[in-house]
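# Close look at the chain arrangement
Given next are the chains, with one letter for each unit.
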Amino acid sequence: MTYTLADILPSVAASFGIAAADPLGLVPHRDVVVLLIDGLGAELLARHRDVAPTLAAHVATTLTAGFPATTATSLTSLAIGAPCATHGVIGYTFAVPDVDGPRLLNALRWRLDTATGDDAMSTHPPETVQQRPSRLQDLAAHGIEIHYVVPAYQRDSGLTRAAFRAPGTLHPAATLDELRAGILAAAMHPGVESRFTYAYFADLDATGHLHGPESPQWLAMLRQVDACVAELLGELPATCSLLITGDHGMILADNVIDLDARSELHRDVRLIGGEARVRHIYLDNPAARTDAHDCWSGGLSTHATVVTREQALDEHWFGPTPTDAIITARIGDLIAVARGGTVLVRPEREPLESTLLGHHGAWTADEQLVPLITTTGALRETAARALRDTAAGATSGSSAGATSVTVTATASGTPAGATFETAVEATSARATAD
């Protein structure tokens, strides 16, 4: 069986005695901390066990992020406990209705058209774009205290409001020292009441975007994350279980295709959304779909797989649950998924994103597989054995991101990450400095 990010919080809820599916088999503890290290891919970690021995030694199993493997989608899947076919945050950018016709919504910045476009908070309120209740709301309704250990700026972000939804105690944390202190503050309390803490760290992903995954800078950041986790494992009380995972992995771009420079690809096209590894193509006229499919398939050749919306839904790319009409309309008439190390950039519309070295979103094992790392005793032994078997199957035969993964997601505010945004802003600052 394949386990996904969407399985984590249902299992957390079950460990607190709430009626819910428990695919991961968590042992009940007074408190639970879920720490998401943005960009922590299972394949990347496996190749660098020597750099991160603590993280590697505590891997319980391998999960799939779900498609597309990108922060906005993955964090919403984690928080809602369901794939994006259910929650509708189907990528970095996707089409939403507007007064003069559809526009792209950037789900990390909650802006329209581009990462620096019009603020969408009032025109597209996050709670209406994503209407499902979160698992954190379920926990709070059952008397579980909610704590967040995240950068302070994320408190009121659009993605936070859309995905996490539940109020809670904020422990501002942008650095590893602040992350460790915030987690310990939430977990080391004398009371008998239970707490759930969601913690998030952005810099591994941001470093990968800017310098490339497995670069010296990325490895140095991974080493620092590992040291922080080693300290945490020695300091957390026995009343608290710690679960660590990632929202996606990453690949290093080695083949750049400039979509803006290929005028033929824009014929009959109204919008191009998604990101460099997964593009949603929205047509002016659906009747032009066959011609557009042939044009994109021929133009991208072996560098990308191009499918229709109907094929992607029939094959359950976005999860096994049927999409409603609103979510269906957010999916492109065509979807282009990059292969190998190819990226499909738009330097005119996405000038900063197009300069990044590390990317994610598509089907390779390096992008899709994320580890589930746990404290000793966090899982029931029978469940732990089953999860180890799943991990062995998930990683068998994969190497260097060359292998694609088939993902079947189970159907099982404060704060959502914006590390891709962080990397884009850092790139902007670097360009200004240069």
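Residues numbered from 1 in each chain as written. Predicted model: local features only at pLDDT ≥ 70, side-chain atom pairs only at ≥ 80, totals over all residues. Heavy atoms only, no water.

Along the backbone of the chain there are 17 helices and 18 strands. Within the chain, the fraction of its 434 residues that count as buried is 61%. (Helix = DSSP H or I, 4+ residues; strand = E, 2+ residues; numbered from the N terminus. Buried < 20%, exposed > 50% of the residue type's maximum accessible area, 1.4 Å probe, protein only.)

The next subject is unusual backbone geometry. Going from Phe67 to Pro68, the amide bond is cis rather than trans, its omega being -10°. Phi angles above zero are rare outside glycine, and Glu214 is one such case at about 70°. Position of Glu214 among the secondary structure elements: in the loop between α10 (203-211) and α11 (216-235).

Turning our attention to the nonpolar core. Among the nonpolar cores identified, the biggest contains 40 residues, and Ile8, Val12, Phe196 and Tyr198 are the most heavily contacted of them. Every element with two or more residues in this core is listed here: α1 (8-15), β1 (31-37), β2 (59-64), α4 (71-80), α7 (135-141), β6 (145-150), β8 (195-201) and β18 (369-374). Top contributing element to this core by residue count: α1, with four residues. Aside from chain neighbours lying at most four places away, what touches Ile8 is Leu24, Val34, Leu63, Leu78, Leu243, Thr245 and Leu372. Within the second largest apolar cluster, 34 residues are counted, among which are Val89, Phe94, Leu104 and Ala162. (Core = buried A, V, L, I, M, F, W, Y, C linked by side-chain atoms within 4.5 Å. Contact = heavy atoms within 4.5 Å.)

This part covers the sheet that holds strand β15 (residues 334-338). Pairing within the open sheet is antiparallel, and its four strands lie in the order β12-β13-β15-β14. In this open sheet, the two edge strands, each paired with only one partner strand, are β12 (269-275) and β14 (304-308). Taken over all neighbouring pairs, the strand axes of this sheet differ in orientation by 20° on average, direction set aside. Sheet topology note: the strand β13 (residues 278-283)/β15 ladder contains four bridges and is antiparallel. (Pairing = 2+ DSSP bridges. Axes fitted to C-alpha atoms, helices over the stretch in contact; angles between N-to-C directions.)

Positionally, His359 belongs in strand β17 (residues 358-359). What makes His359 buried here is its relative accessible area of 4%. Setting aside residues up to four positions removed in sequence, His359 forms contacts with His209, Met250, Ile251, Ala253, Ala276, Arg277, Val343, Glu353 and Glu367.

The next point concerns the packing of aromatic side chains. Applying the stated rule across the entire model yields six aromatic pairs. Ring geometry for Phe67 against Trp317: centres 5.3 Å apart, planes inclined by 75°, an arrangement best described as edge-to-face. With Phe67 in the loop between β2 and α4 and Trp317 in the loop between α13 (309-314) and α14 (325-330), the pair connects residues that are 250 residues apart, well separated along the chain. Relative to Tyr198, the ring of Phe164 lies with its centre 4.6 Å away and its plane at 40°, an arrangement referred to as tilted. Residue Phe164 is found in the loop between α8 (158-163) and β7 (169-172), and its partner Tyr198 is found in strand β8; the two are separated by 34 residues along the sequence. The class of Phe164 is buried, set by a relative accessible area of 1%. (Phe/Tyr/Trp six-rings, centres within 6.5 Å; stacked < 30°, edge-to-face > 60°.)

With respect to the helices, strands and loops of the structure, Ala163 is situated in helix α8. Of the residues examined, Ala163 reaches a relative accessible area of 0% and is grouped as buried. Residues Ala163 and Ser74, spaced 89 residues apart in sequence, show a C-alpha to C-alpha distance of 10.0 Å. Among residues more than four places away in sequence, those in contact with Ala163 are Leu75, Thr76, Ala79, Ile80 and Ser134.

If you trace the backbone, Ala202 turns up in the loop between β8 and α10. Among the residues examined, Ala202 registers a relative accessible area of 7% and is labelled buried. Considering only alpha carbons, one finds Ala202 and Asp38, 164 residues apart in sequence, at a separation of 5.3 Å.

This next bit is on the pattern of salt bridges. Two side chains of opposite charge can pair, provided their charged atoms sit close to one another. Counted by the stated rule, this structure contains 17 salt bridges. The salt bridge partner of Arg346 is Asp260, with a shortest N-O separation of 2.9 Å. Here Arg346, found in the loop between β16 (342-345) and β17, pairs with Asp260, found in the loop between β11 (255-258) and β12; they are 86 residues apart in sequence, far enough to count as distant. By relative accessible area, which is 10% here, Arg346 ends up buried. With a relative accessible area of 14%, Asp260 lands in the buried category. (Salt bridge = Lys/Arg side-chain N within 4 Å of Asp/Glu carboxyl O.)

Spatially, seven strands are ordered β2-β18-β9-β1-β8-β6-β7 in an open sheet, and the strand pairing comes out mixed. What marks the edges here is a single partner per strand, and that holds for β2 and β7. Neighbour to neighbour, the strand axes of the sheet diverge by 20° on average, direction disregarded. Examined bridge by bridge, β6 and β7 share four bridges and lie parallel to one another. Among the inter-strand pairings, Val150 is bridged to a residue of β7, identified as Pro172.

What follows deals with the packing of α10 against α11. At a minimum axis separation of 8 Å, α10 and α11 run at an interaxial angle of 170°. By the angle between their directions, the pair α10 and α11 is classed as roughly antiparallel. Along the contact surface, α10 presents Asp203, Leu204, Thr207, Gly208 and His211, while α11 presents Gln217, Trp218, Met221 and Leu222. In terms of residue class, the contact of α10 with α11 is made up of four nonpolar, four polar and one charged. (Parallel < 35°, antiparallel > 145°, perpendicular 65-115°, else oblique. Nonpolar A, V, L, I, M, F, W, Y, C, P; charged D, E, K, R; others polar.)

Of all nine residues making up α10, seven are buried, and the element is well covered by its neighbours. Taken residue by residue, α10 has Leu204, Asp205, Ala206, Thr207, Gly208, His209 and Leu210 as its buried positions. Note on α10: the residue one or two positions beyond its end, Gly212, has a positive phi of about 100°.

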